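# Breakdown of the fold
Each chain, written out:
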Amino acid sequence: MDCGEIFEGLSEYLDDDLPEEICREIRRHLDDCHNCQVVVNTLKRTVYLYHTFPREEIPGETRKRLHKIIRMETEAESG
Amino acid sequence: MNQTVPTDTQLIRQFRAGEISALEDLVYRYEDQVYNLAYRMLRNREDAEDVLQDTFLSVIRALDKFKGKSSFSTWIYRIATNAALTKLRQRSRKLKTEGEFLDEIYSVHKQAHAGATMIDWAANPIESVLNEEARQVMEEAIAELPENYRVVFVLRDVEGLPASDVAEVLDLSVPAVKSRLHRARLFLRNRLSRYYEEGA
């Protein structure tokens, strides 16, 4: 496998979505290719950082408004 | 007393039978996900609130037509995603073209091939790379993704949906989801690399 083929399959590699045989080939390539290794490490770190990104909380007023609108709508729907 | 939590299907059945509070329970169950998805797609609280309201109003109006072919969760994500995309398209801000986006992704490939030694910023401890400024860079980077890539990335890597569910929400094949996800991740990686390498 060359760098181009490795590059295309890296997300599936990180997501454990590739057959073991292909993973072995990728690992073999990574052992000898510093730049591909850096791309794997930094891509993995990128995904991790976004996984840990804080969730945006609904402001209290927004939540209240939503529930008020829903009550009005359901009352209207049920006639 | 052992009280089990009702499933989405049970709540829908209760609502159809006239129990209004069952709908409120469904809203409580999904409102955070819908708001977070909308905020990550639009990066604006007012727009996220509009999407939140539009989504649940659409849910109420269309609930009669919900046949349960897909899960309720997938159905609500589909409605929320469409509402967020509609909002995004109403904005006049010019997004990157597909060509510009792909050029940027593959610049890293060219860089690696040109023999440049790349910096492994992932070797730094997590606490040293995750600060307020970095979060800002991460948010801005998502906002730069073209919409087709942004929506896949937010559903898969921010909301944590499996690729098969993302495919169902967006009416795409699983390979198409994986391909868009990979490109979105590479783009975001490039943005973060630029930020961390400049600070190195």
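Now for a quick tour of the structure. Bear in mind that the values here come from a model prediction, so they are computed numbers and not experimental data.

Definitions and cut-offs
- Think of each chain on its own: its residues are numbered from 1, step by step along the sequence as written.
- By the order in which they are written, chains take letters starting at A while ligands take numbers starting at 1.
- Reporting of local features is limited, given that this is a predicted model, to residues whose pLDDT is at least 70; pairs of side-chain atoms are given and counted only at 80 or more, and all residues count toward the totals for whole chains, interfaces and linings.
- For the side-chain quantities, the full set of heavy atoms in the structure was used; hydrogens and water were omitted.
- Here, the term disulfide refers to a pair of cysteine sulfur atoms separated by no more than 2.5 Å.
- Contacts are assigned to residue pairs with any non-hydrogen atoms lying within 4.5 Å of each other.
- A 1.4 Å probe defines the accessible area here, and the buried area is the portion of it lost by two parts on being joined, summed over both.
- We count a salt bridge whenever a side-chain nitrogen from Lys or Arg sits within 4 Å of a carboxyl oxygen from Asp or Glu.
- Identification of polar contacts relies on pairs of N or O atoms within 3.5 Å, with a donor-acceptor requirement for protein atoms, meaning one able to donate a hydrogen and the other able to accept it, and with residues adjacent in sequence counted only if both atoms are side-chain atoms.
- The numbering of helices and of strands both runs from the N terminus, where a helix is a DSSP run of H or I of at least 4 residues and a strand a run of E of at least 2.
- Each residue gets one of three labels, nonpolar for Ala, Val, Leu, Ile, Met, Phe, Trp, Tyr, Cys and Pro, charged for Asp, Glu, Lys and Arg, and polar for the others, Gly among them.
- Angles here are taken between N-to-C directions and fall from 0 to 180 degrees, while the axes themselves are lines fitted to C-alpha atoms, restricted in helices to the stretch in contact.
- Crossing handedness follows the turn of the near helix against the far one: under a right angle anticlockwise gives a left-handed crossing, and clockwise gives a right-handed one.

Before going further, it helps to examine the state of the cysteines. Counted according to the given criterion, the structure contains zero disulfides over all chains. Cysteine C36(A) shares no disulfide, and the gap to the nearest cysteine sulfur, in C33(A), comes to 3.6 Å.

Each side of the interface is counted separately: chain A has 42 residues, and chain B has 58 residues. Carbon and sulfur atoms make up 62% of the area that chain A and chain B hide from each other, which totals about 4,700 Å². Of all residues in chain A, F7(A), Y50(A) and E56(A) bury the most surface against chain B, accounting for 17% of the area lost on that side. Between the two partners, chain A and chain B, sit 12 salt bridges. The residue R65(A) makes a salt bridge to E49(B) at a minimum N-O spacing of 2.6 Å. At the surface where chain A touches chain B, the tally comes to 25 residue pairs in polar contact (both at pLDDT 80 or more). Those elements that provide at least two residues to the side of chain A that touches chain B are α1 (3–14), α3 (34–51) and α4 (60–77) of chain A. Counting residues per element, the side of chain A that touches chain B draws most heavily on α3(A), at 14 residues. Here the side of chain A that touches chain B is composed, by residue class, of 17 nonpolar, 12 polar and 13 charged.

Here R156(B) shows up in helix α8 (residues 147–158). Spatially, the C-alpha atoms of R156(B) and L181(B) are 7.8 Å apart, while their sequence positions differ by 25 residues. Aside from chain neighbours lying at most four places away, what touches R156(B) is D15(A), L161(B), P162(B), A163(B), V166(B) and L181(B).

Once that is clear, we can look at the packing of helix α4 (residues 72–90) of chain B against α8(B). All names here are of chain B. Interaxial distance between α4 and α8 falls to 12 Å at its minimum, and their mutual angle equals 145 degrees. Relative to α8, α4 is oriented so that their crossing is right-handed. Contacts from Y77, T81, L85, L88 and R89 in α4 reach E147, R150, V151 and L155 in α8. Of the residues belonging to the contact of α4 with α8, the class tally is five nonpolar, one polar and three charged.

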